[in-house]
Amino acid sequence: MADRAAPHLGPRAGRQALTTTVEAYLLLASARVRSDWQYRTSFAVFLFASLVINVFDFVGIAVLFTKTETLGDWSLDQVAFLYGAAGLCFGIGDLLVGSVENLSTKIKDGSFDVLLTRPVNALVNLTASEFTLRRLGKIGQAAAIFAIALAVNDIDWTPGRGVAVIVMLGAGSVIASATWVITASIAFWLINTREIGNAFTYGGGLAISYPVHVFEQWLRVLLTFIFPLVFVSYLPALYILGIDSPLALPDFLRWSSPVVAGAMVLVATRVWRRGLRRYRSTGS
Amino acid sequence: MAPAGPSTPTRIRVAVAPYLAVSTRAFRQFATYRGATFAGVVTNTMFGFIYAFVFRAVHDEVGMVGRFTATDTTTFVFAAQGFLLMTGAFGDRDISDRIRTGDIAADLYRPVDFQLWWLAHDHGKAAFHALARGIPPFAIGLVVLGLPFPGSPAAWLAFIPATVLGVTIAFAIRFLANLSGFWLLDVRGVVALVGIVQLLLAGHIVPLYFMPDRIQAIVRATPFAGITAHPVEILLGARWGGELLAIYAGQIAWLLILLGAGRALLGRARRNLVIQGG
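Residues numbered from 1 in each chain as written. Chains lettered and ligands numbered in written order. Predicted model: local features only at pLDDT ≥ 70, side-chain atom pairs only at ≥ 80, totals over all residues. Heavy atoms only, no water.

Trainee: Outline the pattern of salt bridges, supporting the account with residue identities and numerical values.
Mentor: In this structure the tally under the stated criterion is 21 salt bridges over all chains. Salt-bridge contacts for arginine 133 of chain B lead to glutamate 195 of chain A; the nearest nitrogen and oxygen are separated by 3.5 Å. Of this pair, arginine 133 of chain B sits in helix α6 (residues 114-144) while glutamate 195 of chain A sits in helix α10 (residues 194-200), which puts the two residues in different chains. A salt bridge links aspartate 107 of chain B to arginine 110 of chain B; the shortest N-O distance between them is 2.9 Å. Taking the relative accessible area as the measure of exposure, aspartate 107 of chain B reaches 4% and is therefore buried. (Salt bridge = Lys/Arg side-chain N within 4 Å of Asp/Glu carboxyl O. Helix = DSSP H or I, 4+ residues; strand = E, 2+ residues; numbered from the N terminus. Buried < 20%, exposed > 50% of the residue type's maximum accessible area, 1.4 Å probe, protein only.)

Here's what the structure looks like:
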C-alpha cells in the first residue's frame, strides 16, 4: 500500500514507478470497462453508431475515386493503405489516451484538482478512468480497411517489409498518443480551447490518410516538423509499398518512425510536466 | 367588447417578443465563449485546408467535376466548414437533456409554443455561429489561397433565404432526434447517427457533385442536401432559374414535413408524459 502510494521512495524507483503506472492504468481501465458493461444495450448502440460513422468516413475517399483513377498519382488501393494505417494508429492513440482531451473541461469546472489529490499519476488517472471500449469501432473499421489494403496492394514482401509494417503501427500509435497529450496540455495555458487539439488529432489523422505531397508546403512542414505525423503513415508506406515520392526525400526518413516516436514521448512528457507545474487551479 | 383593445401591431409585437428575447439571449450566451470560438475557428480552418488540397488534387487529374472548377470546390469546402456550427452538424442534446432530467415539464407549462421557443433559441445560436464560426474560416481560406470573392450580388441575394431555410431544416431534424428521448433512455447514439448522416449527405465530407449521378440524385432529394450543399451551390452561381426554384420548393416542402412531424411527435409525447415527484 505505502509503496504504491509513493513509488518514488522505494528502491529501483524508475522501474517500479513504471510498473505501478501500468498497473494503475489497467486497474482503472478495467473498472471502467466493467461499469460500461452494466449498460449493454447502450454500449451496443454506441459501438454500432461508431462503426457506421467510420464507414461513412471512408465513403468520402471512395467517392473521390469514382471521379479519378489516381490522387496525387496514388491509386485507391494505396490510399486505402495510408487510411488504414493512419486510422489504426490514431484509433489506438484515442483508445489509450484520447480522454486526455477532457483536461480542458476538467480544469474549467475544477474537477482536475480532485485528480491531483489521488495517489496515482494524474495523466494515468485522467486517461484510464474514462477509458471506453466504444472506441473499438474506429479501430475495427481501420483494421478491416488496412487488412484489405495489405491484400490488394502488390507488395514485394520481404522480412524487412514485414517488420516495417509492425514498426509502423507501433511507432505510429505512440506518435498519435503523444500528439493527444501535447495538444491537450494546451489547456494548462489557455482555458476553454479544447477544440484546438482537434485540429491536430482528428485533423492530423485525416490529413495523413492522404498522400501528403498533395498538400501545400506549409502544411507539409507542419506535419513534419511541428507534429511529425508524416512518420505515422506516409513515410513508412513509401518503403512498404515500394514507391517514390515526388518530394525526393532522403531514404533514411522512411525508417525513422521509431526515433521520432521516442522524441515525441520525451516532448509530451516535458510539456505535460511543465503544464502541471504551472497549474494553479482556476479557483472560485 | 370594448373598442379600446390593443391594436393589431401591438398584439403582434407582444406575441413575438418572447421568441425574440430567447433568440437574443441564445446569441449572447454563445458570444461569451470566446476561447472556444477561437479554438473552433482554428480547427474548422485546418479541416478546410486539408479537404481543399485533397479535392484540388482530384481536379488536377480530371479538370472540372460536373459544372464545377477547382476554385468552386475550394470555395465550397470553406463555406461548408463555415456552415458546420450554424447548422448544428455535430448535434446537440439541449432538449433531450431536459427530457432526461424532467425539466421538460416546466418547458411544457410555459405560455409559449414549445417548438417555436426552441426554434427561436436555435436561430439565435445560428446567427452567432454564422458570424463567429462561419465567416472567419471562409475569409481565411479565400485570402490564404488567393481565391476571388465568390458570388454576384444576385447570387448572395438568392443564397440568404436558402441558408435560412437550411438552418431551419437542420433544426427540425435535430428537434425530432431529441424528442426520441421521450422513448429512449439514452439518445446519444441517435443524435450521433443523425449527425454523421447530415455530415455526409449535406456535403461536408465530400461535395455532392463528386458523387456518382444516380446516388447524387437520391442524396439531393433528401432534406439534408438543402441544409448546406444547395445553399452553397447557389452562392457559387451554379443554380439559377428553374433549378433555383426547385431547390426552394424542395426546402420548403421538407421543412413543412419535418416541422409537422415534430409537432405530431411532441403531441404524442405530451399525452404519454408522466412527471415524477412533486
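What follows continues from the structure just given.
Trainee: Provide a residue-level description of a positive patch on the surface, including the pertinent values.
Mentor: There is a patch of like positive charges on the surface, built from Arg270, Arg273, Arg274 and Arg277 of chain A. Tracing the sequence through the fold places arginine 273 of chain A in helix α14 (residues 257-278). (Patch = residues over 30% accessible without salt bridge, like charges linked within 9 Å, V, L, I, M, F, W, Y side chains within 5 Å. Areas by Shrake-Rupley, 256 points an atom, 1.4 Å probe, with all protein chains shown as cover. Lys, Arg positive; Asp, Glu negative; His and termini not counted. Charge placed at Lys NZ, Arg CZ, Asp CG, Glu CD.)

Trainee: Please give an account of the nonpolar core that cites residues and values.
Mentor: Of all hydrophobic cores here, the largest spans 162 residues; its most connected members are Trp74, Phe112, Phe215 and Trp272 of chain A together with Phe210 of chain B. When near neighbours in sequence (up to four residues on either side) are disregarded, tryptophan 272 of chain A contacts Val100, Leu103, Phe112, Ala122, Leu123, Leu126, Val181, Ser185 and Phe188 of chain A. (Core = buried A, V, L, I, M, F, W, Y, C linked by side-chain atoms within 4.5 Å. Contact = heavy atoms within 4.5 Å.)

Trainee: Which residues make up the interface of chain A and chain B, and what are the values?
Mentor: Taken together, the contact between chain A and chain B spans 38 residues of the former and 37 residues of the latter. The contact between chain A and chain B buries some 3,300 Å² in all, and 78% of this surface belongs to carbon and sulfur atoms. Three residues stand out in chain A for area buried against chain B, namely Phe56, Lys67 and Glu195 of chain A, and they jointly supply 18% of the buried area on that side. The interface formed by chain A and chain B contains two salt bridges. The salt bridge partner of arginine 56 of chain B is glutamate 216 of chain A, with a shortest N-O separation of 3.1 Å. (Buried area = accessible area lost by both parts, 1.4 Å probe.)

Trainee: Let's hear about the confidence of the model for chain A: which residues, and what values?
Mentor: Chain-level pLDDT for chain A is 88 on average; 94% of the residues reach the 70-or-more range. Throughout residues 1-10 of chain A the model reports pLDDT below 50, and contacts reaching past four residues in sequence, or to other chains, amount to ten contacts. (pLDDT = per-residue confidence, 0-100.)

Trainee: Describe in detail the packing of aromatic side chains, supporting the description with residues and values.
Mentor: Considering all chains together, one arrives at 34 aromatic pairs over all chains under this definition. Residues tryptophan 218 of chain A and phenylalanine 53 of chain B carry aromatic rings whose centres are separated by 6.1 Å and whose planes lie at 65° to one another, so their mutual orientation is edge-to-face. Linking tryptophan 218 of chain A in helix α12 (residues 217-226) with phenylalanine 53 of chain B in helix α2 (residues 34-62), this pair reaches from one chain into another. Judged by its relative accessible area of 34%, tryptophan 218 of chain A falls in the partly exposed class. (Phe/Tyr/Trp six-rings, centres within 6.5 Å; stacked < 30°, edge-to-face > 60°.)

Trainee: So what's going on with the side chain of asparagine 153 of chain A? Residues and values would help.
Mentor: Residues and elements named next belong to chain A. Relative to the helices and strands, asparagine 153 resides in the loop between α8 (136-152) and α9 (159-185). Separated by 2.9 Å, the side chain of asparagine 153 and the backbone oxygen of aspartate 77 make a polar contact. When near neighbours in sequence (up to four residues on either side) are disregarded, asparagine 153 contacts Asp77, Gln78, Phe81 and Leu241. (Polar contact = N/O pair within 3.5 Å; in protein donor to acceptor, adjacent residues only side chain to side chain.)

Trainee: Provide a residue-level description of the packing of α6 of chain B against helix α7 (residues 153-179) of chain B, including the pertinent values.
Mentor: Residues and elements named next belong to chain B. Between α6 and α7, the least distance of the axes is 10 Å, while the angle of their chain directions is 130°. When the axes of α6 and α7 are compared, the pair comes out oblique. Crossing handedness for the pair α6 and α7: right-handed. When α6 is examined against α7, the residues Phe114, Gln115, Trp118, Leu119, Asp122, His123 and Ala126 are found in contact with a partner set consisting of Val167, Thr168, Phe171, Arg174 and Phe175. (Axes fitted to C-alpha atoms, helices over the stretch in contact; angles between N-to-C directions. Parallel < 35°, antiparallel > 145°, perpendicular 65-115°, else oblique. Left-handed = near helix turned anticlockwise from the far one by under 90°.)

Trainee: How would you explain the side chain of histidine 213 of chain A if you had to name every residue and give the values?
Mentor: All names here are of chain A. Locating histidine 213 in the fold gives a position in the loop between α11 (202-207) and α12. In this structure histidine 213 comes out as buried when scored by relative accessible area, which is 14%. Sequence-distant contacts of histidine 213, that is, excluding residues within four places in its chain, are made with Gly72, Trp74, Arg220, Tyr234, Ser245, Pro246 and Leu247.

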